[in-house]
Amino acid sequence: GAVVSQHPSWVICKSGTSVKIECRSLDFQATTMFWYRQFPKQSLMLMATSNEGSKATYEQGVEKDKFLINHASLTLSTLTVTSAHPEDSSFYICSAMTDSYEQYFGPGTRLTVT
Amino acid sequence: QKEVEQNSGPLSVPEGAIASLNCTYSDRGSQSFFWYRQYSGKSPELIMSIYSNGDKEDGRFTAQLNKASQYVSLLIRDSQPSDSATYLCAVRTGFQKLVFGTGTRLLVSP
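Bear in mind the structure is a predicted one, so any value in this text is a computation, not a measurement.

Undergrad: Can you walk me through the overall build of chain B in this structure?
TA: Looking only at helices and strands, chain B has zero helices and eleven strands in total. Shown N-terminal to C-terminal, the secondary structure of chain B runs as helices and strands in the order β-β-β-β-β-β-β-β-β-β-β. Within chain B, contacts between residues separated by at least 24 positions form 54% of all contacts whose residues are at least 6 apart in sequence. A total of about 5,300 Å² of accessible surface is found on chain B, and carbon and sulfur atoms cover 47% of it.

Undergrad: I tried to follow the pattern of salt bridges on my own but got confused; where do I start?
TA: Side chains that carry opposite charge are capable of pairing whenever their charged atoms lie near each other. Inspection of every chain in the model, using the stated rule, returns six salt bridges over all chains. Linking Arg24(A) and Glu22(A) is a salt bridge whose minimum nitrogen-to-oxygen distance equals 3.5 Å. Taking relative accessible area as the criterion, Arg24(A) reaches 33% and is therefore assigned partly exposed. A salt bridge links Lys97(B) to Glu59(A); the shortest N-O distance between them is 3.0 Å. Residue Lys97(B) is located in the loop between strand E9 (85-92) and strand E10 (98-100), and its partner Glu59(A) is located in the loop between strand E6 (57-58) and strand E7 (67-73); the two belong to separate chains.

Undergrad: What is the right way to look at the packing of aromatic side chains in this model?
TA: For any pair of aromatic rings, the description rests on two quantities: the centre-to-centre distance and the angle between the ring planes. By the definition in use, this model includes nine aromatic pairs over all chains. Taken together through their ring pairs, the aromatic side chains of Tyr36(A), Phe105(A), Tyr36(B) and Phe100(B) make up a single cluster. Over the ring of Phe67(A) we find Lys66(A); its NZ or CZ atom is 5.9 Å from the centre of that ring. A cation sits over an aromatic face here: Arg92(B) above Tyr101(A), 3.6 Å from the ring centre.

Definitions and cut-offs
Residues numbered from 1 in each chain as written. Chains lettered and ligands numbered in written order. Predicted model: local features only at pLDDT ≥ 70, side-chain atom pairs only at ≥ 80, totals over all residues. Heavy atoms only, no water. Helix = DSSP H or I, 4+ residues; strand = E, 2+ residues; numbered from the N terminus. Contact = heavy atoms within 4.5 Å. Areas by Shrake-Rupley, 256 points an atom, 1.4 Å probe, with all protein chains shown as cover. Salt bridge = Lys/Arg side-chain N within 4 Å of Asp/Glu carboxyl O. Buried < 20%, exposed > 50% of the residue type's maximum accessible area, 1.4 Å probe, protein only. Phe/Tyr/Trp six-rings, centres within 6.5 Å; stacked < 30°, edge-to-face > 60°. Lys NZ or Arg CZ within 6 Å of the ring centre and 35° of its normal.

Below is the structure:
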């Protein structure tokens, strides 16, 4: 089956610093990847759509200058949370889309900003 | 009206019973339909995809799609306590992204 990895699985950082999260499709190429955020006991919230070789498309209300997305290859997309604040603490999950439009999720990254 | 609607539950069933999870969607142009399982604190896991009207079976899981009624369901036969999780219905409407329902929490009691 399709496998997606994320790194790191958890990270603690200080307020004002930046954190980079990597998402990799391990056994397939993904032209399109997605980044979600999920707060406890809430639904998945799509943040942005990442297309290889082009700029990411952000959902309404998501600050593109704060959440930098780079999709440099068909197997790697990165999300950088810049100038992190405690309210950015959340569970960040990426997904990669196959040619049949199935999305496979990474295991997620739990970010805590102190 | 929400684009994808699910009953939040919890849906409680005894071990060995059939669990029936339902989902309705508003966009008649929707093309692909997916069921994900999410355990608490974990990311969603794709368990079924269905693209045409009718039933699709995979092991203990059966997805049912009725485009005329804009309805998709998931049946879990011989439910096990390990099936206790939140089940997310997701719909692709023609763009790349999926629209997710808020999920139905399933509790299977031993």
